Amino acid sequence: MYIDVITLFPEMFDAVAKHGITRRALEQHLWSLGVWNPRDFVEDNYRTIDDRPYGGGPGMVMLAEPLNAAIDAALKRQQDAGVAGKVVYLTPQAKPLTDAGVRRLKEESAGLVLLAGRYEGVDERLIEARVDEEVSIGDYVLSGGELPAMVLIDALVRLLPGALNDGESASQDSYSDGLLDWPHYTRPDDWKGRKVPPVLQSGNHAAIEKWRRKQALGRTWLRRPEMIAALTLNKQDLKLLEEFRQEQAQQRQQEQQQQ
Ligand code: ADE
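As the structure is a computational prediction, the values presented were derived from the model and not from experiment. (Residues numbered from 1 in each chain as written. Predicted model: local features only at pLDDT ≥ 70, side-chain atom pairs only at ≥ 80, totals over all residues. Heavy atoms only, no water.)

1. Concerning the pattern of salt bridges
It is possible for side chains of opposite charge to pair when their charged atoms get near one another. Quick note on the threshold: Salt bridges are defined by distance alone: a side-chain nitrogen of Lys or Arg within 4 Å of a carboxyl oxygen of Asp or Glu. Classification of residues uses two cut-offs on accessible area relative to the type maximum, computed with a 1.4 Å probe and protein chains only: under 20% is buried, over 50% is exposed, and between them is partly exposed. Helix numbering and strand numbering both begin at the N terminus, where a helix is a DSSP run of H or I of at least 4 residues and a strand a DSSP run of E of at least 2.
Here the structure, examined in full by the defined rule, presents 23 salt bridges. Ionic pairing is found between K18 and D14, a salt bridge with its closest N-O pair at 3.6 Å. The class of K18 is partly exposed, set by a relative accessible area of 47%. Classification of D14 by relative accessible area gives partly exposed; the value is 31%. One salt bridge connects E133 with R104, and the closest N-O pair in it is separated by 2.7 Å. Linking E133 in strand β8 (residues 133–135) with R104 in helix α4 (residues 99–108), this pair joins segments that are 29 residues apart in sequence. Connected via shared salt-bridge partners are K86, R104, E108 and E133.

This is the structure we're talking about:
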C-alpha cells in the first residue's frame, strides 16, 4: 500500500515510521510512506501557507495552492508506482471512522494521499477540487489532522497481510466479528488477592473458548448494547449471553450481601 501525507509537521510521522508494528511492516515493504510539506511548494520569501479568513473571524485558513501542489507531488509518487491514489482529508466534519470503514478504504485503493489540515481549516475550494473522501476519527476536535492520519495509517497497516504475526492477529479478529474483546490475564495467578478465572488454568480448551466467547458477548452487551442489537446471535450465543446475565446478577447479589 502507498500512503502519502500532506502535513506541516513531517517529523510527527516518525511515530508510525519508526515504532512498533507499523515500522516493522514498513521495513517489510508492506507499505511505503511519503511525507510532503506544503511549505516546500511555496515560492514567496515568507513561505506563507495560510491567510486570514474571508468574512473575518479568528484563526487562519490554509491556502489552496501550496496544498494543491503538494497533492500533485504525492499523487505523482503513487502514479509512478502504477497506483491510482485516492485523496482523503482528515476532518471532524465527516462521519466517524469504523472498523468497516478502514477495511473498505484498504480494499478500494492501493494508494492514499492523506491531507492533514492545521489551524481553522483548509480553503473549501481545495477540498471541492481535490478531495475524494473526508474522514473523521471521532466526534471531538483535535488541533490538526496529523494524529487522525496516523490513527488511520495504524488501523490500515494492521490489516495488510503479513503485518501481524500469528499471536497478534488472533486478538484482532475479535472486533471484526462485531464484539468487544474478552478480558486477558497473565502471571501471577494471584495479584493483590485478585485471582485469574480458574477456567483459564484448567487446560480445557473447549471450556476456555466458551468462557471467552461468553465474556466477549457479555462485555459487549454491558458496554455497547447497540453493537449487540446490530447482530443476529445464534442459539448458542444467546445461551451464553443469558448465562453471563445470570452470573452477573448473582455477583451483584453477593456484593450487596457483603456490604
Ligand atoms: N482534525 C481535527 N479533529 C479531527 C478529528 N476528530 N478527526 C479527523 N480529523 C480531525
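2. Examining the site of the ligand
Just so we agree on the cut-off: When at least one non-hydrogen atom of a residue lies within 4 Å of a molecule or strand, that residue is treated as near it. We call two N or O atoms a polar contact when they sit within 3.5 Å, provided that within protein one can donate a hydrogen and the other can accept it, with sequence-adjacent residues counted only if both atoms are side-chain atoms. Accessible surface is estimated by sampling points in the Shrake-Rupley manner with a 1.4 Å probe; for residues, cover comes only from the protein chains shown.
Every residue lining the ligand is accounted for by L90, T91, P92, V135, S136, I137, G138, Y140, V141, L142, G144 and P148. At 3.0 Å from a nitrogen atom of the ligand is found a main-chain nitrogen or oxygen belonging to I137. At 3.0 Å, a backbone N or O of L142 approaches a nitrogen atom of the ligand. Contact with the protein chains removes 96% of the 260 Å² of surface that the ligand exposes when unbound.

3. Brief notes about the domain arrangement of the protein chain
Interfaces are often sized by the accessible area lost when the parts come together. Note the cut-off: As annotated, the domain borders come from an automatic or database domain assignment.
When the domains of the protein chain are assigned, the result is domain 1 (2–157) and domain 2 (174–258). One C-alpha centre belongs to domain 1, the other to domain 2; they are set 39 Å apart.

4. Let's talk about the packing of α4 against helix α6 (residues 146–159)
Quick reminder of the rule: Lines fitted to the C-alpha atoms define the axes, with helices restricted to the stretch that makes contact. Angles between their N-to-C directions range from 0 to 180 degrees. The cut-offs work like this: below 35 degrees is roughly parallel, past 145 is roughly antiparallel, 65 to 115 is roughly perpendicular, and the gaps in between are oblique. It is the rotation of the near helix from the far one that decides the hand of a crossing: anticlockwise by less than a right angle makes it left-handed, clockwise makes it right-handed. Residues count as neighbours in contact if any of their non-hydrogen atoms are within 4.5 Å of one another. Note on residue categories: nonpolar means Ala, Val, Leu, Ile, Met, Phe, Trp, Tyr, Cys or Pro, charged means Asp, Glu, Lys or Arg, and polar means any other residue, Gly included.
Close contact between α4 and α6 brings their axes to 10 Å; oriented N to C, the two are set at 70 degrees. Taken together, the axis directions place α4 and α6 in an arrangement best described as roughly perpendicular. Taken as a pair, α4 and α6 cross one another with a handedness that is right-handed. Between α4 and α6, the contacting residues are V102, R103, L105 and K106 on the first element and L152, A155, L156 and L159 on the second. Tallied by class, residues from the contact of α4 with α6 come to 6 nonpolar, no polar and 2 charged.

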